[in-house]
Amino acid sequence: MWIYEKKLQYPVRVSTCNPKLAKYLIEQYGGADGELSAALRYLNQRYSIPDKVIGLLTDIGTEEFAHLEMIATMVYKLTKDATPEQIKAAGIEDHYVDHDKGLFYHNAAGVPWTASFIQAKGDPIADLYEDIAAEEKARATYQWIINLSDDPDLNDGLRFLREREIVHSQRFREAVEILKDEQGKKKIF
Amino acid sequence: MSTHFKTYHPYVSPFDPCPPILEKAYSTPPNLYMGFQPPNLPQFSPIEALKAGTLWKAFYDPWYGPLEPGKGGLPQ
């Protein structure tokens, strides 16, 4: 079970009315390497992985939902007051036609989220390597969004999220080392 | 100490349609080099850590875009 704390993991501030940024951010909402994919990937892999690293998957998978909430807040703030003209100018009229100001799990190109974005091979090493790759891809995605954005407050939040990807990748790498189980044993073959 | 990005120089053709970018850079964050985190690494204060996104100074690697001048980040 989960306990919900009704606040964001990191404050989300958006200082400029630029609905176009929402189009980029939605990649981290419903994209293949987005926060929803990450959360569902890790929480689903917990059942078929050695006990030693289940807790790690639980912790990181849970944190990904906190990130998802931050992305949702950013997208909502950027779109909630946009006029149809601004929606058109931002190139998100396709989304508007289908969902109005509602959020939806699709990527920046409008492809809806699908379970095929995530994997569960059942092999602990294969799954953890997938997780490491997912973190590095999410890190890169944040870089490209920051590169496109000129909103300093929004970028501040995105920088926080990118840093978390780095830390998560590190912890998954350590999980691989734990499962390799030869760490510091000075075994002579 | 590892650097947080690396650069390379891709081939430039005399027939390239756009002005070439002579040096390209990519991110190499500190987690690539750490292996298993050693004990007793330097920490941020709690309030700094909340801002940085990590408790550990060794993992701090902020990214700034080209539209945020003067803050560092990758060379563009």
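Since this is a predicted model, take the numbers as computed values, not measurements.

Undergrad: Quick rundown of the overall build of chain A? Include the residues and the values.
TA: The number of helices and strands found in chain A is seven helices and zero strands. Principal axes of the C-alpha set define a box for chain A whose edges measure 70 × 30 × 30 Å. Buried residues in chain A amount to 42% of all 189 residues. Partitioning the contacts of chain A with sequence separation of at least 6, the portion at a separation of at least 24 is 78%.

Undergrad: Give me the overall build of chain B: which residues, what numbers.
TA: Within chain B, the secondary structure is distributed over two helices and two strands. Ordered by position from the N terminus, the helices and strands of chain B form the series β-β-α-α. Counting every position in chain B, which comprises 76 residues, the buried fraction comes to 13%. Contacts in chain B between residues far apart in sequence, at least 24 positions, make up 34% of those at least 6 positions apart.

Undergrad: Quick one: what's the story with the packing of helix H2 (residues 35-45) of chain A against helix H6 (residues 124-148) of chain A, residue by residue and with numbers?
TA: All names here are of chain A. One can describe the packing of H2 onto H6 by two numbers: an axis separation of 11 Å at closest approach and a directional angle of 165°. Between H2 and H6, the interaxial angle falls into the category roughly antiparallel. Two packed elements cross with a definite hand, and for H2 against H6 that hand is left-handed. In contact with Ala 38, Arg 41, Tyr 42 and Gln 45 of H2, H6 contributes Asp 127, Asp 131, Ala 134 and Ala 138. In the contact of H2 with H6, the residues fall into four nonpolar, one polar and three charged.

Undergrad: Quick rundown of the packing of H2(A) against helix H3 (residues 51-79) of chain A? Include the residues and the values.
TA: Residues and elements named next belong to chain A. It is at 8 Å that the axes of H2 and H3 come closest, and there the two elements cross at 160°. By the criterion of interaxial angle, the relationship of H2 to H3 is roughly antiparallel. Crossing hand, H2 versus H3: left-handed. Contacts between H2 and H3 pair Glu 35, Leu 36, Ala 38, Ala 39, Tyr 42, Leu 43 and Gln 45 from the former with Leu 57, Ile 60, Gly 61, Glu 64, Phe 65, His 67, Leu 68 and Ile 71 from the latter. Residue classes in the contact of H2 with H3 are distributed as 10 nonpolar, three polar and two charged.

Undergrad: So what's going on with the confidence of the model for chain B? Residues and values would help.
TA: Residue and element names in this part refer to chain B. This prediction gives chain B a mean pLDDT of 87; 87% of its residues lie at or above 70. Of all helices and strands in chain B, the one with the weakest mean pLDDT is strand S2 (residues 24-27) (90), whereas helix H2 (residues 46-52) scores best (93). Taken together, the chains of this predicted complex give a pTM of 0.89 and an interface ipTM of 0.79.

Undergrad: Could you give me a rundown of the environment of A:Pro152, with the residues and numbers involved?
TA: Here A:Pro152 is to be found in helix H7 (residues 152-180). On a C-alpha basis, the gap between A:Pro152 and A:Val14 in space is 8.1 Å, while along the polypeptide they are 138 residues apart. When residues no more than four places from it in sequence are discounted, the contact partners of A:Pro152 are A:Ser15 and B:Glu68.

Undergrad: Let's hear about the nonpolar core: which residues, and what values?
TA: All names here are of chain A. Grouped together as the largest cluster of nonpolar side chains are 38 residues, with contacts concentrated most on Ala 22, Leu 25, Tyr 29, Ile 71, Met 74 and Val 75. Counting residues per element, this core draws most heavily on H3, which supplies 10 residues. Aside from chain neighbours lying at most four places away, what touches Tyr 29 is Gly 34, Glu 35, Leu 36, Leu 68, Ile 71, Ala 72, Val 75, Leu 103 and Tyr 105.

Undergrad: I'd like a rundown of the environment of A:Tyr142, residues and numbers included.
TA: Residue and element names in this part refer to chain A. Structurally, the position occupied by Tyr 142 is in helix H6. Under the C-beta neighbour-count criterion, Tyr 142 is labelled buried, with 23 such atoms within 10 Å. When the C-alpha atoms of Tyr 142 and Glu 27 are compared, they prove to be 9.6 Å apart, with 115 residues separating the residues in sequence.

Undergrad: A description of unusual backbone geometry should follow, citing residues and the corresponding values.
TA: Excluding glycine, residues mostly have negative phi values, and the peptide bonds linking residues are mostly trans. Residues and elements named next belong to chain A. Positioned with a positive phi, Asp 100 is a non-glycine residue whose angle comes to about 55°. As for its placement among the helices and strands, Asp 100 is situated in the loop between helix H5 (93-99) and H6. Look at Asp 100 and you get exposed, because 9 C-beta atoms sit within 10 Å.

Undergrad: Summarise the confidence of the model for chain A; cite the residues concerned and give the values.
TA: Per-residue pLDDT for chain A averages 94, and the proportion of residues at 70 or more is 96%. For chain A, per-element mean pLDDT is lowest for H5(A), which scores 93, and highest for H2(A), which scores 97.

Conventions adopted
- Residues numbered from 1 in each chain as written.
- Chains lettered and ligands numbered in written order.
- Predicted model: local features only at pLDDT ≥ 70, side-chain atom pairs only at ≥ 80, totals over all residues.
- Helix = DSSP H or I, 4+ residues; strand = E, 2+ residues; numbered from the N terminus.
- Buried ≥ 20, exposed ≤ 12 C-beta atoms within 10 Å, placed from the backbone.
- Contact = placed C-beta atoms within 7 Å.
- Axes fitted to C-alpha atoms, helices over the stretch in contact; angles between N-to-C directions.
- Parallel < 35°, antiparallel > 145°, perpendicular 65-115°, else oblique.
- Left-handed = near helix turned anticlockwise from the far one by under 90°.
- Nonpolar A, V, L, I, M, F, W, Y, C, P; charged D, E, K, R; others polar.
- pLDDT = per-residue confidence, 0-100.
- Core = buried A, V, L, I, M, F, W, Y, C linked by C-beta atoms within 7 Å.

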